[in-house]
Amino acid sequence: MTDVAAELSTVLSVVLGVSVSKDDEMIFREQPSWDSMKHIEIIMAVEEKFGISFDAEAIPRMTSQAVLLQAICEMRAAQK
Amino acid sequence: MMIFHHLGVATASMAEELQFYAMLGYTPSTPIFTDEAQGIRGQFICHTHTTSAPMLELLENLHGSGPLDACLQKGVKIYHMAYASTDIEEDAKNLAAQGAKVIQPVRAAVFFAKVCFLMLRNRQLIELVALRSDGE
């Protein structure tokens, strides 16, 4: 989970253009650069990085770093 | 079926930008319209002398800041490609099946009958529009 958290923070840093630590508790909506397009860019970057695919219904629920991390870990566990 | 319709242009001021597109031969082809739900004001402009130039949709935020902020801050002008669809729900579904993500689901619009926004995997923003019976 730690590695995933670090990789996720890197993805978020790149997409949002801000420094993000794996220990942060970022709420995406609170970021100045966040909007609906940026949200989809985050989801796409995460899908590509971790080799997963979110259901369309789940995407709006991915509102924070913590929620996204949990979802990634669950989806990767389900792949094994 | 999807047929290319226009390119969307983010502007801080449609009036100011129109002066520059006028240098290239563009003139307004529609009245200015306001879409409160999307938080934008827009106007279509066409080239006066040729039909081969793409129609442009000039857009500005309705309330100072809004959905165009990210483009304006990055200096991005042309930011979406729009396609007229004869079955917008089906075309959106087909693009999603090919990996596109829905940013704004199909909904009724002001200028068009319906619109939908998706992002392709290459991060290209696509607008699908369902034309009104009068062609708009």
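Above this text sits the structure in question.
Residues numbered from 1 in each chain as written. Chains lettered and ligands numbered in written order. Predicted model: local features only at pLDDT ≥ 70, side-chain atom pairs only at ≥ 80, totals over all residues. Heavy atoms only, no water.

Comments concerning unusual backbone geometry
Notably, Arg123(B) is not glycine yet its phi reads approximately 75°, a positive angle. Structurally, Arg123(B) can be placed in the loop between β8 (114-119) and β9 (125-130). (Helix = DSSP H or I, 4+ residues; strand = E, 2+ residues; numbered from the N terminus.)

Some remarks on the packing of helix α2 (residues 36-50) of chain A against helix α3 (residues 65-79) of chain A
Packed helices, taken two at a time, are described by their axes: the angle between them and the distance between them. Residues and elements named next belong to chain A. Interhelical geometry of α2 versus α3 gives an angle of 35° and a closest axis separation of 12 Å. As for how α2 packs across α3, the hand of that crossing is right-handed. Residues Ile42, Ile43, Val46 and Phe50 of α2 form the contact with α3, whose own contacting residues are Leu68, Ile72 and Arg76. The residue makeup of the contact of α2 with α3, split by class, is six nonpolar, no polar and one charged. (Axes fitted to C-alpha atoms, helices over the stretch in contact; angles between N-to-C directions. Left-handed = near helix turned anticlockwise from the far one by under 90°. Contact = heavy atoms within 4.5 Å. Nonpolar A, V, L, I, M, F, W, Y, C, P; charged D, E, K, R; others polar.)

A word on helix α3 (residues 88-97) of chain B
Residue and element names in this part refer to chain B. Inspection of α3 places Ile88, Asp91, Ala92 and Leu95 among the buried residues, and these make up the whole buried set. One face of α3 carries all of its buried residues, which in axial projection span an arc of 100°. For α3, the exposed residues lying more than 90 degrees away from the buried face are Lys93 and Ala97. Summarising the contacts, the buried residues of α3 are in contact with β1 (2-10), β6 (78-85), β7 (101-108), β8 and β9. Trailing α3 by a residue or two, glycine 99 shows a phi angle of about 105°, which is positive. (Buried < 20%, exposed > 50% of the residue type's maximum accessible area, 1.4 Å probe, protein only. Arc of directions from axis to C-beta.)

Describing the interface of chain A and chain B
Each side of the interface is counted separately: chain A has 14 residues, and chain B has eleven residues. Across the interface of chain A and chain B, roughly 1,000 Å² is buried in total on both sides, 60% from carbon and sulfur atoms. The three residues of chain A that bury the most area against chain B are Met37(A), Ile40(A) and Met44(A), which together make up 51% of that side's buried surface. Put simply, chain A and chain B have four salt bridges between them. Note that Glu48(A) and Arg121(B) form a salt bridge whose closest N and O atoms lie 3.4 Å from each other. Grouping the constituent residues of the side of chain A that touches chain B by class yields seven nonpolar, two polar and five charged. (Buried area = accessible area lost by both parts, 1.4 Å probe. Salt bridge = Lys/Arg side-chain N within 4 Å of Asp/Glu carboxyl O.)

By themselves, these are just geometric observations and shouldn't be taken as functional.
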